[in-house]
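Fold and contact review
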Amino acid sequence: MVGEAKVRREGLDLYSEKLMMLAFGGGKSGIGEGGVKIVGLVITEWKDIPMELLLRIVSLVDDRTMIMASGVCSGWRDAICSGLTHLCLSWCKNNMNNLVLSLAPKFTKLQTLVLRQDKPQLEDNAVETISSHCHDLQDLDLSKSLKLSDLSLYALAHGFPNLTKLNISGCTAFSDVSLEYLTEFCRKLKILNLCGCVKGATDRALQAIGRNCSQLQSLNLGWCENVGDVGVRSLAYGCPDLRTLDLCSCVCITDDSVIALANSCPHLGSLCLYYCRNITDRAMYSLVENRMKNKAAMWKSMAGRYGEEGLKSLNISQCTAITPPAVQALCDSFPALHTCFGRHSLVMSGCLNLTSVHCACVVQAHRTASYIPYPAH
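As named in an unreviewed UniProt entry, the protein is f-box SKP2A-LIKE protein, taken from Salix koriyanagi.

A few points about the sheet that holds strand β11 (residues 313-315)
Read from one edge of the open sheet, ten strands run β3-β4-β5-β6-β7-β8-β9-β10-β11-β12, paired in parallel fashion. If you trace the sheet from one side to the other, it starts and ends with β3 (86-88) and β12 (346-347), each paired once.

Digging into unusual backbone geometry
Not every positive phi belongs to a glycine, and Q318 is a case in point at roughly 65°. Within the secondary structure, Q318 sits in the loop between β11 and α13 (324-333). Even without glycine at this site, H344 takes up a positive phi of about 40°. Among the secondary structure elements, H344 is positioned in the loop between α13 and β12. Judged by its relative accessible area of 45%, H344 is partly exposed.

Things to note about the nonpolar core
Within the largest apolar cluster, 102 residues are counted, with the highest numbers of intra-cluster contacts made by L247, L273 and I316. Ignoring sequence-local partners within four residues, the contact set of L273 consists of L247, I253, V258, I279, M284, L314, N315, I316, S317 and C319.

Thoughts on the packing of aromatic side chains
Tallying each qualifying case throughout the model produces four aromatic pairs. On the numbers, 5.1 Å between centres and 85° between planes, the contact of Y154 with Y181 is edge-to-face. Residue Y154 is found in helix α7 (residues 150-159), and its partner Y181 is found in helix α8 (residues 176-185); the two are separated by 27 residues along the sequence. Taking the relative accessible area as the measure of exposure, Y181 reaches 26% and is therefore partly exposed. Three or more aromatic residues joined by ring pairs form one cluster here, namely Y154, Y181 and F185.

What about the pattern of salt bridges?
All chains considered together, the criterion is met by seven salt bridges. In this structure, the salt-bridge partner of D78 is R77, at a minimum N-O distance of 3.3 Å. R211 serves as the salt-bridge partner of E180, at 3.2 Å between the closest nitrogen and oxygen. Separated by 31 residues along the polypeptide, E180 in helix α8 and R211 in helix α9 (residues 203-212) bring together distant segments of the chain. The network of salt bridges with common partners includes E180, R204 and R211.

Thresholds, definitions, all that
Residues numbered from 1 in each chain as written. Predicted model: local features only at pLDDT ≥ 70, side-chain atom pairs only at ≥ 80, totals over all residues. Heavy atoms only, no water. Pairing = 2+ DSSP bridges. Helix = DSSP H or I, 4+ residues; strand = E, 2+ residues; numbered from the N terminus. Buried < 20%, exposed > 50% of the residue type's maximum accessible area, 1.4 Å probe, protein only. Core = buried A, V, L, I, M, F, W, Y, C linked by side-chain atoms within 4.5 Å. Contact = heavy atoms within 4.5 Å. Phe/Tyr/Trp six-rings, centres within 6.5 Å; stacked < 30°, edge-to-face > 60°. Salt bridge = Lys/Arg side-chain N within 4 Å of Asp/Glu carboxyl O.

This is the structure:
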């Protein structure tokens, strides 16, 4: 039995913890003889707990416990279902599809839903159910959903007009046709992860993204070997606010892709070109030239915040056609690119010919170490 307590708003967290222990770990099935008093209110049954206190309790437990709590009584179910906006079911290792089918019609206010899987469980009917009930969803993670087909993307297109973040990495069955269709309806996308979507991430899909998703800021195209210059150019021209782009192992792209990005995406801060072996000095110098070209405009428009813009992370590992002078010019132009120990925002693994390239920090450290002051007279 919980003793009488005076609860103010600022002391609600402590009381929530005590009540949570009683509810989920106290070993009793009821409130206890005499109930619990909260500022004159006596709680004799679980359904009597005020919604504000219940939602505070739910915020202190994991998602699995929260789902169990929603089954305590109808009052708890209604309160939790109406107040829950974020849910992660990645802990479910064996029966995620049925769990989603049962929960989606109840949790209609969800804004974030994480359904990442270690082994394929999710099927199209679960995604269709989510799309039919959770229209407020803005952030959806379906990564490694190997059982999903194009039907799921068609369902997403019609169910989530406000979707801003979508992770379908590792979903190898999606086609570029369904991805193109998705972009025609989900035009507010800002973060999109297509890593490993070999069939879906093609030039056709990127042209659709460039046409329809002008707000896009982050795109992962890692290991999408069907991506070429046509697609990346369309992306660059159509998504000028692009800030992060991963082209890891997009082996078909050439310097033309990087030149388009340099010309059209002034806010680009992170670029991965790992194993893009067609990239040469021409791409590196295009980044340098556009940096210099935009320098005056950035100073004027950003009141001296020039150093905050530009590349902060660049991976050119295995790009063996690039020479030291080009990379050194790039490093000198973007002060946030580091080769020094512990920072390494300029990654050049596998490029043995680039070992002479160093950032300003390394140069300054070398000068400091070699400086020998003259003795005072």
